[in-house]
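# Structural overview for review
This is what each chain is made of:
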Amino acid sequence: MVDLQGQYQKIKQEVDAAIHQVIDTAAFINGPEVKAFQTELEAYLDVKHVIPCANGTDALQIAMMALDLKPGDEVITANFTYVATAEVIKLLGLTAVLVEVNSETFTIDPAAIEKAITPKTKAIVPVHLYGQCAQMEAIMDIAKKHNLFVIEDTAQAIGADYKFKDGTTKKAGCIGTIGSTSFFPSKNLGCYGDGGALYTNDDQLAARVRMIANHGQSVQYIHDDIGVNSRLDSIQAAILRIKLRSLDNYAKARQNAAEIYNKGFANNSKIKTPFVANFSNHVYHQYTLTLNGVDRDGLKLFLASKEIPAMIYYPKPLHHQKAYADARFKDQDFAITIELCKNVISLPMHTELDIDTQNYIIESVLEYVNKN
Ligand SMILES: *Cc1c(COP(=O)(O)O)cnc(C)c1O
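From a predicted model like this one, the values you see are computed outputs, not experimental measurements. (Residues numbered from 1 in each chain as written. Predicted model: local features only at pLDDT ≥ 70, side-chain atom pairs only at ≥ 80, totals over all residues. Heavy atoms only, no water.)

## Section: the sheet that holds strand β4 (residues 121-125)
Selection rule: A pair of strands counts as paired when DSSP detects no fewer than two bridges linking them. Helical segments are the DSSP runs of H or I of at least four residues, strand segments are the runs of E of at least two, and each set is numbered from the N terminus. Helix axes are fitted only over the stretch in contact, all axes being lines through C-alpha atoms; the angle between N-to-C directions runs from 0 to 180 degrees.
Read across the open sheet, the seven strands follow the order β1-β9-β8-β5-β4-β2-β3; overall the sheet is mixed. The sheet is open, and its two borders are formed by β1 (49-53) and β3 (95-99), each paired with just one other strand. Neighbour-to-neighbour, the strand axes of the sheet open up by a mean angle of 25 degrees, direction not taken into account. The pairing of β4 with strand β5 (residues 149-153) spans two bridges and is classified as parallel. Across the sheet, the residue bridging to I124 is V150, located in β5.

Written out as structure tokens, the structure reads:
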């Protein structure tokens, strides 16, 4: 699905030197590389504060802890997402309120958010799924009207631009109260291990996030709050500094690859290619087709027989998972999510795809779709 080895070969010298430099100085934790990466990512995102942490799941958890969400508070998020989003809500004893997604963008549906709001609602967690922003302007309007926090899960969309109606743009994750991201190796900005970060323009919130990520201490050995231990290590930060410089080029490579797929699958009534909204560009963390009247799992097996990996993000709505089922979630409210779980399939998407490989993938998909 990704070619991290191929990507590494192009930056090997720089990366190897940076790793060795960290080892030579032995500044493994909270070294200067972490601070430098933080500053460079703040500049790239045009946001006041970036707080690195250990992974994207921690980032979400730390955001909810820093906002002082308490058991009984309701947090609204999409039913069609990676489990981490809902997991941290439940882990903190909060109530996860899963809602429907939009049929074109597959991101959380603002109308469904509005319907799910109760006096206990405290926050909305939009997920910028597959590399495209959720409808942030509508979500921010709802949040203002009901006085809710907005935690943007940007794990799949680092670098994506949200376009406001007035023509201005902001980076994904820098629009709501706070944004979270992941540097898991296969993400668009991936390190060589685990990593994550939070972003916010709010000085006070940034200080709280830093304190919570560091055992609840703002002064050493003074613990005013219960925190966690969640750090980005220096070796990962050194690698991320190098890869951040190429992030826009990586996005372009993904967009070019998406265009080639789009052309290959154009005008086929059984295949819907990704929708690109007028309010966001797409950085294609995933390139995901929606099939119509095709045996999706059969296609996945057929591709595997031709040594083409394909993945299903996600095979089940969260409310069909035992850990997240709840009598308040009814199938009739999730027709879109349920259909997507049956019909989506993600094809190989990364920065190192070449035209021959893509043509082989396109031909193979069409071969199966046209005869079945
Ligand atoms: C990857 C991912 C996460 C979690 O990131 P980790 O670094 O693996 O903890 C959270 N949310 C979404 C939408 C993701 O894709």
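Moving on, there is more to tell.
## Some points on helix α12 (residues 355-371)
This is how it is decided: Here the expected length of a helix is defined as 1.5 Å per residue gap, with one fewer gap than residues. Burial status follows relative accessibility: with a 1.4 Å probe on protein chains alone, a residue under 20% of its type maximum counts as buried, one over 50% as exposed, and anything between as partly exposed. Note: the arc covers the axis-to-C-beta directions of the helix. Each polar contact in these results corresponds to two N or O atoms within 3.5 Å; when the atoms are within protein, one needs to be able to donate a hydrogen and the other to accept it, and residues that are neighboring in sequence are counted only if both atoms are side-chain atoms.
Helix length check: α12, at 17 residues, gives a terminal C-alpha distance of 24 Å against a target of 24 Å (1.5 Å per residue), a fit within 8%. Three or more residues of α12 are buried, namely Q358, I361, I362, S364, V365, Y368 and V369. Projection of α12 onto a plane perpendicular to its axis shows the buried side chains occupying an angular sector of 165 degrees, all on one side. Turned more than 90 degrees from where α12 packs its buried face, D356, E363, N370 and K371 sit exposed. Two to three positions downstream of the cap, the backbone nitrogen of D356 sits 3.1 Å from a side-chain oxygen, assigning the N-cap of α12 to D354.

## A look at the site of the ligand
Quick reminder of the rule: One heavy atom within 4 Å of a molecule or strand is enough for the residue carrying it to be called near that molecule or strand. All accessible-area figures derive from a Shrake-Rupley calculation using a 1.4 Å probe, and residue coverage is judged against the displayed protein chains alone. Here the term cavity refers to a set of points on a 1 Å grid, laid over the protein atoms alone, in which a 1.4 Å probe fits but cannot get out; the term pocket refers to an open set having protein on both sides within 12 Å along at least five of seven lines, with lining residues being those that place an atom within 4 Å of a point. Just a note on the criterion: a molecule sits in a pocket or cavity if more than half of its atoms are within 2 Å of the grid points. Asp, Glu, Lys and Arg are counted as charged, while Ala, Val, Leu, Ile, Met, Phe, Trp, Tyr, Cys and Pro are counted as nonpolar; the rest, among them Gly, fall into the polar class.
N55, G56, T57, Y82, A84, V127, D153, A155, Q156, S182 and K187 make up every residue found near the ligand. At 3.4 Å, a side-chain N or O of N55 approaches an oxygen atom of the ligand. Relative to its unbound accessible surface of 380 Å², the ligand loses 92% to contact with the protein. Most atoms of the ligand, that is more than half of them, are within 2 Å of grid points of the largest pocket. When the residues that make up the shell around the ligand are grouped by side-chain class, the tally is four nonpolar, five polar and two charged.

## Description of the sheet that holds strand β13 (residues 287-291)
Read across the sheet, three strands follow the order β12-β13-β14 without closing on themselves; strand pairing throughout is antiparallel. Whereas interior strands pair on both sides, the edge strands pair on one side only; in this sheet they are β12 (271-272) and β14 (344-347). As paired strands, β12 and β13 are joined by two bridges and run antiparallel to one another. What sits directly across from I271, in β13, is L291.

## Concerning the side chain of D58
Formally: His residues and chain termini do not enter the charge count, which takes Lys and Arg as positive and Asp and Glu as negative. Within this document, salt bridges are pairs made up of a side-chain nitrogen of Lys or Arg and a carboxyl oxygen of Asp or Glu, the two lying within 4 Å of each other. In what follows, a contact means two residues having at least one pair of non-hydrogen atoms within 4.5 Å.
Locating D58 in the fold gives a position in helix α3 (residues 56-66). One buried charged side chain, D58, makes no salt bridge at all; its nearest oppositely charged neighbour is R231, positioned 9.7 Å away. Here the side chain of D58 touches S230 through a polar contact of 2.6 Å, side chain to side chain. Setting aside anything within four residues of it in sequence, one finds D58 in contact with C53, N229 and S230.

## Topic: the pairing of strand β8 (residues 178-182)
In terms of burial, β8 is a largely internal element, five of the five residues being buried. Strand direction decides the pairing type here: β5 and β8, joined by three bridges, are parallel. Residue D153 lies in a different strand from β8, and its bridge partner there is S180. Bridge analysis of β8 against strand β9 (residues 196-200) gives four bridges, and the strand direction is antiparallel. For S180, the partnering residue across the bridge sits in β9 and is L198.

## Some remarks on the packing of aromatic side chains
Keep this limit in mind: Between the rings of Phe, Tyr and Trp (Trp by its six-membered ring), a pair exists once the centres lie within 6.5 Å; its type follows the angle of the planes, with under 30 degrees stacked, over 60 edge-to-face, and the other angles tilted.
In total, this model carries 14 aromatic pairs according to the counting rule given. Taking 5.5 Å as the distance between ring centres and 75 degrees as the angle between the ring planes, the aromatic pair formed by F37 and F183 counts as edge-to-face. Placement of F37 in helix α2 (residues 32-45) and of F183 in the loop between β8 and β9 is noted, with a sequence separation of 146 residues between them. No difference in accessibility class separates F37 from F183, as the two residues are buried. Seen from their ring centres, F106 and Y130 are 6.2 Å apart, and the 90 degrees between their planes marks the pair as edge-to-face. You can see F106 sitting in the loop between β3 and α5 (110-116) and its partner Y130 sitting in the loop between β4 and α6 (136-146), a full 24 residues away along the chain. When its relative accessible area of 7% is taken as the criterion, F106 is described as buried. On the basis of relative accessibility, which here comes to 5%, the residue Y130 falls in the buried class. Connected via pairs of aromatic rings, a cluster forms that spans F80, Y82, F106, Y130, Y313 and Y314.

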